[in-house]
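# Architecture at a glance
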Amino acid sequence: MGSLDPPVNSSSSSFVYTPEPSSPLFLLPSDVPGVSLVAISFSVNGFGSWKRSMIVSLSARNKIGFIDGTCVRPPENSPQFRQWDRCNNMVISWLTNSLSPDIAESVHYSDTAESIWKQLNNRYGTVNETKVFELKRNLASTYQGSFDIPSYFNKLKKIWDELEVMRSSHANSCKCAAKEGLQKEREEDKVHQFLMGLNEVYVGVRSNLLMMHPLPSLDSFYIILLQDEKQRQITTNPQSHSESASFNASSNNIKFTQPQPQQKQYSQRVFFDQSKSGLFCKYCKKTWHLIDKCYKLNGFPQNFKFTKGRKLAANMVDSELATPQNVSANSVSTSTQNKAEQGSVVHGLTQ
């Protein structure tokens, strides 16, 4: 990466050096100064994550050699010097714009990007037990609380990664047969830490997961709990019930349920005429009148107000009562009325 392209003609003072696209001295049209390579500028805290983001961005631009010293500075009389100096100043601009104003001012007069990178590592990248203790204390006091499963997991993952950056893991550097077992134990520690901080609603799911043998990976635990959380949100959503009651959809058409009109409530009339309370019609089997006053037998008055559903039947009765036979029936004697009381049937009506 740090090798530079040889000049075509070093003796010519008018020679303009043109680097190859694969060379660290090559600049794209999009490479401009004054740009921050990270979303959040570094300000004392979080140096590990900031350093990782800067390494990724500089490596993608093929400029990592300017901070680790692999792209060495050429002699001033070399045709490559001007291009190298241009790229070096570009990286310096990217570094300072990715720092807070106070920290950027402290490295403002550095000549090389490598010098700035070393100063930042010496100040903020030194591993100390106080920082490690702080991270472990945050890890022990991290619970789900009001967070959902993704937010809670991401919070733990950030602390785990920062601890791994600050303290090199022997499981990663080990090349013996115990490497696989060490990595598995470290994975189980993360699984237990993740499960211990869950809310009480996941007690049943947690118990079932811990009974699995062998234990799934950390990512598998995360997926299972995330699906359980989504299922809880669906089953406890009351909106689906109200929507299903007002909207019915089928495969052929869509039917909208019309709201049912509110039925009017009618109060029952109470009559206080005690003189008629003991009357009973033996023809229609109803109270409050005798057989000689029964409208079903003798016909309905002209001004009678019919209820809904009985008007048609009443008209049929009136038409039949208007016949000569029924007219004569109205003037029958008392003996005829006694026969009607014993079960006589009028034409068109049943007893």
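Now for a look at the structure at hand. A quick note: this is a predicted structure, and the numbers were derived from the prediction, not measured. Each chain carries its own residue numbering, running from 1 in the direction its sequence is written. This being a predicted model, a pLDDT of at least 70 is required before a residue's local features are given, and a value of 80 or more before pairs of side-chain atoms are given or counted; all residues contribute to the totals for chains, interfaces and linings. Side-chain figures throughout are based on the complete set of non-hydrogen atoms in the structure, without hydrogens or water.

## Digging into the nonpolar core
To define a nonpolar core, start from buried Ala, Val, Leu, Ile, Met, Phe, Trp, Tyr and Cys residues and group those joined through side-chain atoms within 4.5 Å. The rule is simple: take the accessible area with a 1.4 Å probe, protein chains only, and divide by the maximum for that residue type; under 20% is buried, over 50% is exposed, in between is partly exposed. Counting residues in hydrophobic clusters, the biggest one holds 29 residues, and the most contacted among them are Trp50, Met54, Leu58, Ile67, Val91, Leu95 and Leu99. Helical segments are the DSSP runs of H or I of at least four residues, strand segments are the runs of E of at least two, and each set is numbered from the N terminus. Of all the secondary structure elements, the ones that give two or more residues to this core are helix 1 (47-60), helix 2 (65-68), helix 3 (81-97), helix 4 (101-106) and helix 5 (113-124). For this core, the element with the highest residue contribution is helix 3, accounting for 7 residues. When checking whether two residues touch, look at their non-hydrogen atoms; a contact exists if any pair is within 4.5 Å. If we skip the residues at most four places from it in the chain, leucine 99 touches Ser41, Phe42, Trp50, Ala104, Val107 and Leu120. Core analysis: the second largest hydrophobic core is formed by 22 residues, Trp160, Leu195, Leu198 and Val205 among them.

## Topic: the packing of aromatic side chains
Paired rings are identified among Phe, Tyr and Trp, the last through its six-membered ring, by centres lying within 6.5 Å, and are further divided according to the angle between planes into stacked (under 30 degrees), edge-to-face (over 60) and tilted (the rest). Following the criterion strictly, the structure yields 11 aromatic pairs and no others. A ring pair is formed by phenylalanine 47 and tyrosine 124, whose centres lie 6.2 Å apart and whose planes are at 35°; its orientation type is tilted. Placement of phenylalanine 47 in helix 1 and of tyrosine 124 in helix 5 is noted, with a sequence separation of 77 residues between them. Residue classification places phenylalanine 47 among the buried residues on the basis of a relative accessible area of 6%. For tyrosine 124, a relative accessible area of 26% translates into the label partly exposed. Site record: aromatic cluster; members linked through ring pairs are Phe42, Phe47, Trp50, Trp117 and Tyr124. When the ring centre of tryptophan 94 is taken as reference, the NZ or CZ atom of arginine 61 above it lies at 5.4 Å. Positioned above the aromatic ring of tyrosine 202 is the side chain of arginine 232, whose terminal nitrogen or guanidinium carbon lies 5.1 Å from the ring centre. Note on geometry: a ring has a charge over it if NZ (lysine) or CZ (arginine) is within 6 Å of the ring centre and within 35 degrees of the ring normal.

## What to know about the side chain of aspartate 31
By secondary structure assignment, the location of aspartate 31 is in the segment before helix 1. Definition of a polar contact: a pair of N or O atoms within 3.5 Å, with one able to donate and the other able to accept a hydrogen when the atoms are protein atoms, and with sequence-neighbouring residues admitted only if both atoms are side-chain atoms. Looking at aspartate 31, its side chain comes within polar contact range of the main-chain nitrogen of leucine 28, at 2.9 Å. The contact partners of aspartate 31, leaving out residues within four places of it in the chain, are Arg61, Met90 and Trp94.

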